[in-house]
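Coordinate analysis (summary)
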Amino acid sequence: MNDYTKKKIFIWLSLTFFIAFGLSLGWGIYENKMLSKQKTDTENQYKRALNDLTTDLNEVETSMAKAKVSNNKTLKVLYLSQIWKGSDSAVDRLSQLPADEIGISYIDTLVNQVSDFSKSMTQKVASAGSMNTKEQETFDQMHQRVIEVHRAAQQIANEFYAQNLAWVDKSPGILQKLGIGKSLQTAAQGEEKGAGTNQGDEQASQQNATSVRGGLKQLDSSLQKYPPLSYEGELDKHFVEKPLGLPQGEINESKAASVAKDFLNDVGYAGADPKVTSLSQGPLGGFNLTYKNAYLEVSKKGGVVTYYRDQREINDRQLDVQKAVDKAYSTLQKLGWSLVVTSTEDLDSYIHVEAVAQENGARLYADKVRLTVAMDNGELIGFDANPYYAYHHDRILDKKLTLDQAKSKLNKDFKIIENRMAVISKLGNEEAFCYEFRGTAYGEEYLIYINAKDGSEEKISRVIDTPRGKLIQ
Amino acid sequence: MYSDLKNKNRNKLFIIMAVSLFLCLALTVTSQAALGDRTLSQGSKGAEVKDLQKRLIQIGYQAGKVDGVYGKSTTAAVKRFQKNRGLKADGVAGKKTIAELKRLTGESTTASGKKVGIKNNDVQLLARCIHAEGRGEPYIGQVAIGACVMNRMESSQFPKSIAGIIYQPQAFSAVADGQINMAPDETAVKAAREAMNGSDPTGGAIYYFNPAKTTNKFMWARPQIKKIGKHIFTR
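Residues numbered from 1 in each chain as written. Chains lettered and ligands numbered in written order. Predicted model: local features only at pLDDT ≥ 70, side-chain atom pairs only at ≥ 80, totals over all residues. Heavy atoms only, no water.

For chain B, the count of helices and strands is 10 helices and 3 strands. Counting helices and strands in the order they occur from the N terminus, chain B gives α-α-α-α-α-α-α-α-α-β-α-β-β. The 235 residues of chain B split such that 46% are buried. Sequence separation of at least 24 residues holds for 49% of the intrachain contacts in chain B that already meet a minimum separation of 6. (Helix = DSSP H or I, 4+ residues; strand = E, 2+ residues; numbered from the N terminus. Buried < 20%, exposed > 50% of the residue type's maximum accessible area, 1.4 Å probe, protein only. Contact = heavy atoms within 4.5 Å.)

The helix and strand inventory of chain A stands at 12 helices and 13 strands. In chain A, 58% of the contacts between residues at least 6 apart in sequence involve partners at least 24 apart. Of the accessible surface of chain A, which amounts to about 24700 Å², a share of 52% is contributed by carbon and sulfur atoms. (Areas by Shrake-Rupley, 256 points an atom, 1.4 Å probe, with all protein chains shown as cover.)

In this section: the pattern of salt bridges. Using the criterion set out here, one finds 38 salt bridges over all chains in the structure. Across the salt bridge formed by Asp56 of chain A and Arg93 of chain A, the nearest N and O atoms sit 3.5 Å from each other. Here Arg93 of chain A lies in helix H2 (residues 73–96) and Asp56 of chain A lies in helix H1 (residues 3–69), a separation of 37 residues in the sequence. The pair formed by Asp56 of chain A and Arg93 of chain A is uniform in burial state, with each residue classed as buried. Here Glu135 of chain A makes a salt bridge to Lys124 of chain A, at a shortest N to O gap of 2.9 Å. You can see Glu135 of chain A sitting in helix H4 (residues 133–163) and its partner Lys124 of chain A sitting in helix H3 (residues 106–128), a full 11 residues away along the chain. Its relative accessible area of 25% is what places Lys124 of chain A among the partly exposed residues. One network of salt bridges, with partners in common, ties together Arg317, Asp346, Asp348 and Arg468 of chain A together with Arg85, Glu100 and Arg103 of chain B. (Salt bridge = Lys/Arg side-chain N within 4 Å of Asp/Glu carboxyl O.)

Okay, the interface of chain B and chain A next. Contacts between the two partners involve 53 residues from chain B, matched on the other side by 61 residues from chain A. Buried area between chain B and chain A, summed over both chains or domains, comes out near 4900 Å², and the portion from carbon and sulfur atoms is 48%. It is Lys83, Ser156 and Asn197 of chain B that lose the most area in chain B upon contact with chain A, and together they represent 12% of the buried surface on that side. For the interface between chain B and chain A, the tally reads 5 salt bridges. Residue Lys160 of chain B is joined to Asp88 of chain A by a salt bridge in which the shortest nitrogen-to-oxygen separation is 3.3 Å. Counting across the chain B and chain A interface gives 22 residue pairs in polar contact (both at pLDDT 80 or more). Of all elements in the fold, only helix H3 (72–84), helix H4 (95–104), helix H6 (139–153), helix H9 (186–196) and strand E2 (224–228) of chain B reach the threshold of two or more residues within the side of chain B that touches chain A. Residues of the side of chain B that touches chain A, tallied by class, amount to 17 nonpolar, 21 polar and 15 charged. (Buried area = accessible area lost by both parts, 1.4 Å probe. Polar contact = N/O pair within 3.5 Å; in protein donor to acceptor, adjacent residues only side chain to side chain. Nonpolar A, V, L, I, M, F, W, Y, C, P; charged D, E, K, R; others polar.)

Moving on: the packing of H6 of chain B against H9 of chain B. When two helices pack together, their arrangement is given by the angle between the helix axes and by the axis-to-axis distance. All names here are of chain B. Between H6 and H9, the shortest axis-to-axis distance is 8 Å and the interhelical angle comes to 45°. When the axis of H6 is compared with that of H9, the two are oblique. The chirality of how H6 crosses H9 is right-handed. Of the residues in H9, those in contact with Tyr139, Gln142, Val143, Gly146, Ala147 and Met150 of H6 are Thr187, Ala188, Lys190, Ala191, Glu194, Ala195 and Met196. (Axes fitted to C-alpha atoms, helices over the stretch in contact; angles between N-to-C directions. Parallel < 35°, antiparallel > 145°, perpendicular 65-115°, else oblique. Left-handed = near helix turned anticlockwise from the far one by under 90°.)

Before going further, it helps to spend a moment on a nonpolar patch on the surface. All names here are of chain A. On the surface, a nonpolar cluster with roughly 550 Å² of combined accessible area is contributed by Phe17, Phe18, Phe21, Leu25 and Ile29. Topologically, Phe18 is positioned in helix H1. Look at Phe18 and you get exposed, because its relative accessible area is 55%. (Patch = residues over 30% accessible without salt bridge, like charges linked within 9 Å, V, L, I, M, F, W, Y side chains within 5 Å.)

With that settled, consider the sheet that holds strand E3 (residues 231–234) of chain B. Residue and element names in this part refer to chain B. As summarised here, the arrangement of the 3 strands in space is E1-E3-E2, forming an open sheet in which the pairing is antiparallel. Two strands bound the open sheet, and with one partner strand each, they are strand E1 (207–209) and E2. Across the sheet, the axes of successive neighbouring strands diverge by a mean angle of 25°, strand direction being ignored. (Pairing = 2+ DSSP bridges.)

Moving on to the environment of Thr215 of chain B. Within the secondary structure, Thr215 of chain B sits in the loop between E1 and helix H10 (217–221). Sequence spacing of Thr215 of chain B and Ser112 of chain B is 103 residues, and the spatial spacing of their C-alpha atoms is 57 Å.

So, about the side chain of Ser199 of chain B. Relative to the assigned elements, Ser199 of chain B resides in the loop between H9 and E1. Looking at Ser199 of chain B, the relative accessible area reads 5%, which means it is buried.

Time to look at the nonpolar core. One finds Leu264, Tyr308, Trp337 and Phe383 of chain A to be the most contacted residues of the largest nonpolar core, which totals 57 residues. Top element by residues in this core is helix H9 (residues 253–267) of chain A. It accounts for 6 residues. Taken domain by domain, this core gets at least three of its residues from each of domain 2 (253–391) and domain 3 (403–472) of chain A. When sequence neighbours within four positions are dropped, the list of residues in contact with Phe383 of chain A reads Phe263, Val305, Thr306, Tyr307, Tyr308, Leu332, Trp337, Val369, Arg370 and Leu371 of chain A. Residues Val143, Met150, Tyr208 and Phe233 of chain B belong to the second largest nonpolar core, which totals 46 residues. (Core = buried A, V, L, I, M, F, W, Y, C linked by side-chain atoms within 4.5 Å. Domains from an automatic or database assignment.)

Our next topic: the environment of Asn58 of chain A. Tracing the backbone through its elements, the reader meets Asn58 of chain A in helix H1. In this structure, the C-alpha to C-alpha distance between Asn58 of chain A and Arg145 of chain A, residues 87 residues apart in sequence, is 13 Å.

When the parts of a complex come together, some accessible area is lost, and that lost area is often used as the size of the interface. Residue and element names in this part refer to chain A. Examined at the domain level, chain A breaks down into domain 1 (39–169 + 212–225), domain 2 (253–391) and domain 3 (403–472). Centre-to-centre, using C-alpha coordinates, domain 2 lies 29 Å away from domain 3. The partner domain 3 presents 13 residues to the 11 residues of domain 2 that form the contact. For the domain 2 and domain 3 pair, buried surface summed over both sides reaches about 930 Å², with 46% attributable to carbon and sulfur atoms. At the junction of domain 2 and domain 3, the tally comes to 1 salt bridge.

Below, the structure written as structure tokens:
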């Protein structure tokens, strides 16, 4: 190899290297820019949510103060609905902020409760004119807590701007390691240190937040010192602490297997041999069994099938909706249930059916059973009686209004198609015994419920025709 | 009273309008054939096929990529649709199949027939969440994930809409890492529908975790209800 070729190779090599270097440098700079742009976008969204949150809390807090003193029904309802609107919006803002462990936040719970409570109080005050002593007490307690939360949230927002804090904790730099870093203390934490026996307070004061996220976390633990509100509203209905409808007595594993066997026999699995595969906890818990593709749950208390789902393959659709419902009826009868179907949804290879219990001709909407019916042969492939066992109980159903009196409460343009009695769920765990009127007005179909005791309009549902069945909104 | 001249003018106007209307219609038909004009089958191409694919996906049948080409996966999706709707399952989108598909993808109406929208958009989002978080789980396990989302709506600690819950920062790992943007499979769509109808195999759970992968103390400390598939469901 002579010098010339060596030189040539060297030139080409270095040229390639420089081009590659230049390209990767450019790529790096570009990526970096994009990253910082995205970071800014995210930070901006968080900032907006935080600002909106403080604005919302301010509105809620102010309206609460006003609603307290108002002695006029119209204005009180207005302020209550402002509280409702503001707290609803605050829940939404909170959910846009990042948190370490979602769903355990004190603020979340409080604001949700305020929203729920103000919603029911709006209705209450609009009809009755005022809150009772107990409700007033709850309202005052909520107000005190909202003031604290609002103050603390404002403090965070202020610190945030004053110190230009980032959202997410940075890894400690040299300054922080030397102990001269920025830190953020929330107002609530700073002031209430005297009462620092609380575990949350101690935790909060041990670590100083270097980010807004850390600040929110501290705020939350510092607020834990308030006892939880005793308010039980519409919320947290997803979990029933004390089911009302389970039969008495407890069963063992072999009894559970025989209960499941009988059930499977009635839905079309003659000679089934289900096995207990696991246990479940909670007030409706018990034994989980499987047989072929079917899964069943039998409650420990009362020994009843609460849930059943067959995951078998479904063959070509042979039935129409009415035939499938008829078949489901006869299966239910075999299983010992007497229910009335309230709605169906056609989901191609199977349909969903909702059925409720009746008492003296009154539909008990809370005591619901959900069914899934296969469209190839009409077999029951799904059964969920959890709502029924959670809410079914003996009710005292007496009415003060006659049918004609109830009819006189309706809108004049409303044309009745049919009517019956019904028990519907209200806010909280309350129920109302009502006249149910199905009819049309202004080109729409409605279900209107008139309270059978006091004649008030209890609820209105709108009925819509979807391609898969009627939808009640 | 009308004069002859006026009548003549009117006739002229009418003819011009009729001709232009006809031209307009003819042009739109040639430029863009609508779904239902002809029978579609494997090998068909065009805007109608695209429409067909979109509609199939809208109601939960995975017809593959929306590319306007009636390929194998579109044929298979049409076959499944036909089977589930009690039609002849031949994979050919004829008049009956297309009419049924159009009906099911149509809007909801009020009693007087006024259109009020499709009303099931949340199913798609919930199905994506279920698919991203729980694919590979048994069907009931997927319904259970959907039920957790639905239960959160009734809890005092969470936002009150499906989107609010799913997109809450740090709520679902599959949202954070972008898996939420994958197209859901048909099982996930079914599970989403079932969960939205209120079916709850979890017994009121609002959290779940995979015990093999989770060391998070908070998760382990929650009161457990039951295990379905790989997930433990907790309050």
